[in-house]
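Take a look at the letters that make up each chain.
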Amino acid sequence: MTNEVGIGIVGTGLWASSVHLPAYQAHPHTRLVGVYDVNRESAERAAKDFGIESVFSTYEEMLACDDIDAVDIITPNVTHLSLALAAIAAGKHVFCEKPMAMNADEAQQMADAAAEANLKTAINFTWRNPAAVRFMRHLIEQDRIGKIYHISGVYRAGWGRNEERPIEWRLQKELAGTGVIGDIGSHIIDMVEWMTDERITSLVADLNTFQPERPKVGGGTGTVDVDDAASFLARLSGGGMATFLATFYGTGERMNQGVEIFGQKGALKMQYSNQETILASLDPLSDENQFVELPIPDRFKTQGHDLRQNTVRQFVDAIVNDEEMSPSFEDGLRNQRVIDAVVASAQAGRWLDVGE
């Protein structure tokens, strides 16, 4: 058992300051040793705000620090492969933002390197953590809905309809690899597979870009060359069918996720906007074609901190206690294969097997 985990932070944007850094700062077994960002001013600000001991001038300098046991990569997708491989080569455990990489080939390299080095890894699929998701997973594990026939999974963000919002890295293929399907679609894919223990085996997809040009900060316009809306039909490992939607054009919704699952014995529905109840049609109500609001027990709720911090906390616990970590690079690789299949299917205009 390790009593203290030294953390090195790479990237100090919004998610670092709002989720990752507060989680490490609050954990009793972490020490924020160092930070690196290409924008040194941003790194220095994060160091001041969160009591990080050192601001490194280069990533290589940070990796050479013996006091750092684990590296947290909170940077654009295009950097994930090189940063992760370098950290693994230096013997550091690695936490990485999603999507794991630009494509499944890169994700495979990352997963193989970490497995060979026997290091802990994590991918920030933070939306496994809402109480409604946990409770529905529990009910499915208890076989309350039986064989799954249908699943509908949606993740809607509403910022895309603001036509004046400037272009950013997540809307540029050379930096992000994919658009909405990787940015938030990766979450709903992981959420559904984790909740049900089903796997997406084949799919047919449609990708769209509703606003192909966006203003640049400082003037002019930039081309959006990735998807900002994505949907796909899927077949599941248990024989069921599924539909997925991820979009930046969820009018009236800043951010919301919804999952509906229909099985032989019962059905469940959840919305992220409601973490107090889910809708359930379980025996004997399912025979009466009725849904009721089912209160979520307190044990499924995150207490005392932001639920978005849970995956970071679990990563530290896995290192401290030498336990298996999930979501890991293996989960990220699986997710990336689905994303790649969505992109390839949309381009080909036909059904594809995941991994084809």
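Computed from a predicted model, the values in this text were never measured in an experiment.

K.L.:
Run through the overall build of the chain, naming residues and quoting values.
P.N.:
Along the backbone of the chain there are 11 helices and 17 strands. Taking 2.2 N^0.38 as the reference for a compact globule, 356 residues should give roughly 21 Å; the C-alpha atoms of the chain span a radius of gyration of 21 Å, in line with that estimate. Here the C-alpha coordinates of the chain stretch approximately 65 × 50 × 35 Å along the principal axes. Sorting the 356 residues of the chain into buried and exposed places 52% on the buried side. Counting only contacts in the chain whose residues sit at least 6 apart along the sequence, the fraction spanning at least 24 positions is 70%. Carbon and sulfur atoms provide 46% of the accessible area of the chain, an area that totals close to 15,600 Å². Taken as two groups, the 31 positive and 51 negative side-chain charges of the chain have centres that lie 4 Å from each other.

K.L.:
Which residues make up helix α4 (residues 80–89), and what are the values?
P.N.:
Listed as buried for α4 are His 80, Leu 81, Leu 83, Ala 84, Ala 87 and Ile 88. Along its buried surface, α4 packs onto β1 (5–10), α3 (59–63), β4 (70–73), β5 (93–96), α5 (104–117) and α11 (329–348).

K.L.:
Before we move on, could you go through the sheet that holds β5 and cite the residues and values that matter?
P.N.:
The strand order β3-β2-β1-β4-β5-β6 describes an open sheet built from six strands, whose pairing is parallel. Of all the strands in the sheet, the pair left with one neighbour each is β3 (54–55) and β6 (121–123). Sheet analysis places β4 next to β5, joined by four bridges and oriented parallel. The partner of Asp 72 across the bridge, within β5, is Phe 95.

K.L.:
Describe the sheet that holds strand β11 (residues 229–236), naming the residues involved and giving the relevant values.
P.N.:
One open sheet holds the nine strands; their spatial order is β16-β15-β14-β13-β7-β12-β11-β8-β17, and the pairing between them is mixed. Bordering the open sheet on either side are β16 (292–295) and β17 (352–353), each of which pairs with just one other strand. Across the sheet, helix α6 (residues 131–141) lies against β13 (255–263), β14 (267–271), β15 (277–281) and β16, angled at about 170° from β14, the strand it touches most.

K.L.:
So, a nonpolar patch on the surface: which residues are in play, and what are the values?
P.N.:
A cluster of nonpolar side chains, namely Phe 262, Leu 279 and Phe 291, defines an oily patch on the protein surface of about 230 Å² accessible area. Looking at the secondary structure, you find Leu 279 in strand β15. For Leu 279, a relative accessible area of 34% translates into the label partly exposed.

K.L.:
Hey, could you go over the nonpolar core for me, with residue numbers and the actual values?
P.N.:
Ranked by internal contacts, the top residues of the largest apolar core, which has 52 residues, are Ile 200, Leu 203, Phe 232, Val 259, Ile 261, Leu 268 and Ile 278. Residues within four places of Ile 261 in sequence aside, it is in contact with Met 136, Ile 140, Ile 145, Ile 148, His 150, Ile 151, Met 195, Thr 196, Gly 266, Ala 267 and Leu 268. Ranked by size, the runner-up nonpolar core spans 29 residues in total, among them Tyr 59, Leu 81, Ala 87 and Val 94.

Reading guide: rules and limits
- Residues numbered from 1 in each chain as written.
- Predicted model: local features only at pLDDT ≥ 70, side-chain atom pairs only at ≥ 80, totals over all residues.
- Heavy atoms only, no water.
- Helix = DSSP H or I, 4+ residues; strand = E, 2+ residues; numbered from the N terminus.
- Rg over C-alpha atoms; globule rule 2.2 N^0.38 Å.
- Buried < 20%, exposed > 50% of the residue type's maximum accessible area, 1.4 Å probe, protein only.
- Contact = heavy atoms within 4.5 Å.
- Areas by Shrake-Rupley, 256 points an atom, 1.4 Å probe, with all protein chains shown as cover.
- Lys, Arg positive; Asp, Glu negative; His and termini not counted.
- Charge placed at Lys NZ, Arg CZ, Asp CG, Glu CD.
- Pairing = 2+ DSSP bridges.
- Axes fitted to C-alpha atoms, helices over the stretch in contact; angles between N-to-C directions.
- Patch = residues over 30% accessible without salt bridge, like charges linked within 9 Å, V, L, I, M, F, W, Y side chains within 5 Å.
- Salt bridge = Lys/Arg side-chain N within 4 Å of Asp/Glu carboxyl O.
- Core = buried A, V, L, I, M, F, W, Y, C linked by side-chain atoms within 4.5 Å.

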